[in-house]
Amino acid sequence: MTTTTTTAPAPAPVTTPPGASRAAVSALARFETRRLLTRVPVAVAFAVYVAWTVWRTRVSFDGFPALQDADRATQDGPLLVGLAVLLSANHAVLRSRRHDTERHLDVLVLPRWGRTVAHLLSVVAAALLVAVCVGGQFAWEALKPGAVGHGSPAELLVGPLSVLLLGGLGVLLARLVTAPFAAPLLIVLLLFLATFLGFSDDDWTRWLMPSVGTYSAVTLPSDLIGRPAAWHALYLGGFALTLMAAAVLLSGGARLRTAQAAVAGAVALTLAGAVGQSRGVPETVTEARVRASVTPEKVHTCVERDATTYCAFPEWEQRAGDWDRTVDDVRALAGGDAQDRPLVVRQRVEARYGLDADSTLASLTRPGEVTVGTAWGGNRVPEFAVSVAGVLVTGSEATTGEMCDGRMVTVMWLALAGRPDPVADLRRVRIDDSDTGSAIVVSRTEPLQMTSAQTELLRELLELPRDEAAAKVKAGWAELTAPKVTTDRVARVLGLEKPEGEDGCL
């Protein structure tokens with residue numbers, strides 16, 4: 001008897017359709033995004049970031065922002081979010097090891113590199129949310145009535161790209177080191193480097209950091225900024241992509257041609273950005289800075305309003321109305337021919353040393369010319385009023401800077417009497433924030449000096465009703481504006497008591 005044995009056919013190998021893998025990555029990415037954005041460190045960081053941004057933006061730039069400064073002001077806040085994303089993304093990638101589920105995940109349709117891609121997509125979502133916050137902050141500044149200038153899209157990208165970079169670093173670290181304390185140690189190291197590793201202003205290595213803050217008291221026209229913002233954004237984007245692609249390779253995606261090409265392309269972008277941002281200020285920008293500093297009239301746009309001509313850099317044309325209101329307030333209190341005397345308000349800036357400069361401008365010597373800076377609002381308004389009053393009283397800025405007599409009382413009264421709170425503005429324009437005694441009065445050009453006697457007499461004059469004081473000033477205008485008039489003589493002309501304070505200039 002012959003027995004026939006039939007062998008069962010081997011089961012066909014199970015293959016996962018490409019669409020199933022992509023769907024699994026997408027589903028896991030949505031899950032990890034929700035987990036990442038709701039983790040305590042990230043949620044707290046976003047809350048602090050948004051609250052601080054709202055609090056600061058309400059009063060930033062005194063309501064008169066230059067958008068070429070406002071774009072850089074968006075870069076530091078996202079770093080806090082980036083560090084929280086680094087910690088939380090690293091913690092999420094290590095979740096399977098903490099719960100000993102790695103061996104179970106290995107039998108699923110989603111490979112290890114696919115899970116890494118899902119974690120990276122959650123980091124991208126966090127960066128996009130930061131981009132929305134950055135856009136909202138900049139839009140708020142741009143919509144303020146006093147906004148001027150032009151922002152840089154590359155500068156606005158720094159915040160979101162910093163989050164992308166730090167989040168990608170957290171995922172890569174989890175694939176390199178499985179210890180849970182690695183991410184906190186890395187954050188401490190990064191904070192140490194940012195705090196104690198000093199870079200000079202001319203050192204190109206400072207551009208290797210995510211955010212390169214350059215803050216100064218001077219606001220430059222946008223075409224004179226000279227920061228390699230586009231190259232820096234390219235460097236950050238390339239660096240972030242390099243870290244993210246490396247994380248995919250270390251997760252078993254080394255055979256994926258897409259991952260290999262992504263690493264090569266990202267490294268090329270990083271190197272190109274690093275080289276580009278190290279080249280320094282372009283020669284054309286350097287030449288434009290010299291032209292704007294030495295011969296600003298060559299690039300000014302001028303507009304006439306009554307007896308005053310306002311000459312400004314093109315981006316500040318709309319601010320002539322704000323300057324004009326201040327000039328009108330000062331003129332209305334003046335006597336003699338000062339109310340109708342021709343003036344030229346000329347905008348000036350020292351741009352030859354870039355954003356790091358904060359030097360005093362030389363006084364204009366031509367009669368009737370007044371300097372106004374690129375910043376406005378806050379203390380800048382009474383400072384400008386003092387400059388206008390000084391030129392109306394003495395004839396020129398150069399003469400005002402040399403003044404050391406009783407005319408200082410007339411100058412300061414003209415500048416402050418039309419302000420809502422003259423005594424508060426008196427404190428704002430004095431270098432020691434005082435309203436008694438002698439002090440230096442700050443100015444965009446040469447500072448002025450107030451003696452103790454002049455301050456005392458000015459306070460008496462400001463305490464009078466403004467119309468009454470204005471009548472006294474106009475009646476005695478010739479004597480009050482005479483060169484070398486003494487403070488005691490000014491008091492007699494105004495019908496006020498002789499001041500008791502010292503009257504000697506420093």
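Quick caveat: nothing in here was measured; it's all calculated off a predicted structure.

**What about the overall build of the protein?**
At step 1: From N to C terminus, the protein includes 21 helices and six strands.
At step 2: Considered along the principal axes of its C-alpha atoms, the protein spans approximately 145 × 40 × 35 Å.
At step 3: By the burial criterion, 48% of the 506 residues in the protein qualify as buried.
At step 4: Long-range contacts, defined as pairs at least 24 residues apart, comprise 74% of the intrachain contacts of the protein with a sequence gap of at least 6.
At step 5: Looking at the protein as shown, the accessible area adds up to about 24200 Å², and 60% of this sits on carbon and sulfur atoms.
At step 6: Counting 48 positive and 52 negative side-chain charges, the protein places the centres of these two groups 13 Å from one another.

**Regarding the sheet that holds strand β2 (residues 308-312)**
At step 1: One open sheet holds the four strands; their spatial order is β1-β2-β3-β4, and the pairing between them is mixed. Two strands lie at the open edges of the sheet, namely β1 (301-305) and β4 (369-372), each paired on one side alone. With direction set aside, neighbouring strand axes in the sheet form an average angle of 20°.
At step 2: Relative to β2, β1 runs antiparallel, the two being bridged by five bridges. Its bridge partner being in β2, Arg305 is matched across the sheet by Thr308.
At step 3: Each of β1, β2, β3 (343-347) and β4 is contacted by helix α13 (residues 320-333), which is oriented at about 145° to β2, the strand it contacts most.

**Examining the packing of helix α14 (residues 380-394) against helix α16 (residues 407-416)**
At step 1: At a closest axis distance of 8 Å, the pairing of α14 and α16 adopts a crossing angle of 135°. By the angle class used here, α14 and α16 are oblique. In this structure, α14 crosses over α16, and the sense of that crossing is right-handed. For the pair α14 and α16, contact is made by Pro382, Ala385, Val386, Ala389, Gly390, Val393 and Thr394 and by Arg407, Thr410, Val411, Met412, Leu414, Ala415 and Leu416, respectively.
At step 2: The residue makeup of the contact of α14 with α16, split by class, is 10 nonpolar, three polar and one charged.

**Quick word on the UniProt feature "transmembrane region" (unreviewed entry) in the protein**
At step 1: UniProt tags residues 36-55, 77-96, 117-140, 156-174, 181-199 and 229-250 as "transmembrane region" (unreviewed entry).
At step 2: Secondary structure across residues 117-140 comprises 100% helix and 0% strand; the distance between its end C-alpha atoms is 35 Å.
At step 3: In residues 229-250, the share of helix is 100% and the share of strand is 0%. The end C-alpha atoms are 32 Å apart.

**Considerations on the nonpolar core**
At step 1: Trp323, Phe384, Met412, Trp413 and Leu414 are the most contacted members of the largest nonpolar core, which has 65 residues in total.
At step 2: Broken down by element, the residue count for this core peaks at nine residues, all from α14.
At step 3: For Leu414, the residues in contact, after removing those within four places along its chain, are Val330, Leu333, Ala334, Ala389, Val393 and Trp477.
At step 4: Judged by nonpolar contacts, the second largest core, of 42 residues, contains Ala89, Ala126, Ala240 and Val248.

**Here's the deal with the state of the cysteines**
At step 1: Under the defined criterion, the tally for this structure stands at one disulfide.
At step 2: A sulfur-sulfur separation of 2.1 Å characterises the disulfide bridge that pairs Cys302 with Cys311. Looking along the S-S bond of the Cys302-Cys311 disulfide, the torsion reads about 110°, which is the right-handed sense.
At step 3: Classification of Cys302 as partly exposed rests on a relative accessible area of 46%.

**Description of α14**
At step 1: The end-to-end C-alpha separation of α14 is 21 Å, in line with the 21 Å expected for 15 residues at 1.5 Å each.
At step 2: α14 sits mainly inside the fold: 14 of its 15 residues count as buried.

**So, the pairing of β2**
At step 1: With five of five residues buried, β2 lies mostly within the body of the structure.
At step 2: Covered by surrounding structure in β2 are Thr308, Tyr310 and Ala312 together with Thr309 and Cys311, the residues of both alternating faces.
At step 3: The hairpin formed by β1 and β2 contains two residues between the paired strands, and Asp306 there has a positive phi angle of roughly 55°.
At step 4: Read from β2 through α13 to β3, the crossover connection turns out left-handed.

**Concerning unusual backbone geometry**
At step 1: Even without a glycine there, the phi angle at Asp62 is positive, about 55°.
At step 2: With respect to the element layout, Asp62 can be found in the loop between α2 (40-59) and α3 (67-70).
At step 3: The class for Asp62 is partly exposed, based on a relative accessible area of 46%.
At step 4: Although it is not a glycine, Asp306 sits at a positive phi angle of roughly 55°.
At step 5: Inspection of the secondary structure assignment puts Asp306 in the loop between β1 and β2.
At step 6: Given a relative accessible area of 75%, Asp306 falls into the exposed group.

**What to know about the side chain of Ser88**
At step 1: Checked against the element boundaries, Ser88 lands in helix α4 (residues 77-93).
At step 2: Judged by relative accessible area, which is 1%, Ser88 ranks as buried.
At step 3: Non-local contacts of Ser88, meaning those with residues more than four positions away in its chain, are made with Leu36, Arg39, Pro41 and Val42.

**Considering the environment of Val248**
At step 1: You can see Val248 is positioned in helix α10 (residues 229-253).
At step 2: Considering only alpha carbons, one finds Val248 and Val42, 206 residues apart in sequence, at a separation of 23 Å.

**Section: the environment of Thr326**
At step 1: Take Thr326: it is sitting in helix α13.
At step 2: As a C-alpha pair, Thr326 and Phe384 span 58 residues in sequence and 8.0 Å in three-dimensional space.
At step 3: Excluding anything up to four places from it in sequence, Thr326 contacts Trp376, Val381, Phe384 and Ala385.

**Concerning a nonpolar patch on the surface**
At step 1: Among the surface-exposed residues, Val40, Val44, Val48 and Leu80 lie close enough to one another that they form a single nonpolar patch of about 340 Å² accessible area.
At step 2: Relative to the elements of secondary structure, Leu80 occurs in helix α4.

How each quantity is defined
- The residue numbers shown here count from 1 along each chain, following its written sequence.
- This being a predicted model, a pLDDT of at least 70 is required before a residue's local features are given, and a value of 80 or more before pairs of side-chain atoms are given or counted; all residues contribute to the totals for chains, interfaces and linings.
- The basis for every side-chain value is the complete set of heavy atoms in the structure, and neither hydrogens nor water enter the calculation.
- Only DSSP runs of H or I reaching four residues or more are called helices, and only runs of E reaching two or more are called strands; each is numbered from the N terminus.
- Three labels apply to residues, based on accessible area from a 1.4 Å probe with only protein chains included: buried if under 20% of the type maximum, exposed if over 50%, partly exposed otherwise in between.
- Contact criterion: two residues are considered in contact whenever any of their non-hydrogen atoms come within 4.5 Å of each other.
- Areas reported as accessible are Shrake-Rupley estimates using a 1.4 Å probe. Residue values count occlusion only from the protein chains shown.
- His is not counted, nor are the chain ends, whereas Lys and Arg count as positive and Asp and Glu as negative.
- Think of each charge as sitting on NZ of Lys, CZ of Arg, CG of Asp or CD of Glu.
- A strand pair is defined by DSSP finding two or more bridges across the two strands.
- For helices, the fitted axis covers only the stretch in contact; all axes are lines through C-alpha atoms, and the angles between them, taken along N-to-C directions, range from 0 to 180 degrees.
- Working rule for angles: under 35 degrees goes down as roughly parallel, over 145 as roughly antiparallel, 65 to 115 as roughly perpendicular, anything else as oblique.
- In this scheme the handedness of a crossing depends on how the near helix is turned from the far one: anticlockwise by less than a right angle means left-handed, clockwise means right-handed.
- Only Asp, Glu, Lys and Arg are considered charged, only Ala, Val, Leu, Ile, Met, Phe, Trp, Tyr, Cys and Pro nonpolar, and every remaining residue, Gly among them, polar.
- UniProt positions are given in the numbering used here, feature names are shortened, and annotations may be inferred rather than shown by experiment.
- Among buried residues, those of type Ala, Val, Leu, Ile, Met, Phe, Trp, Tyr and Cys that are joined through side-chain atoms within 4.5 Å constitute a nonpolar core.
- The criterion for a disulfide is a pair of cysteine sulfur atoms lying within 2.5 Å.
- In this scheme, a helix's expected span is set at 1.5 Å multiplied by one less than its residue total.
- Clockwise travel from the first strand over the helix to the second, with the strands pointing away from the viewer, marks a crossover as right-handed.
- The patch calculation keeps residues exceeding 30% relative accessible area without a salt bridge and links them within 9 Å when they carry like charges or within 5 Å when they are nonpolar (Val, Leu, Ile, Met, Phe, Trp, Tyr).
- Note on definitions: salt bridges are taken to be side-chain nitrogens of Lys or Arg within 4 Å of carboxyl oxygens of Asp or Glu.

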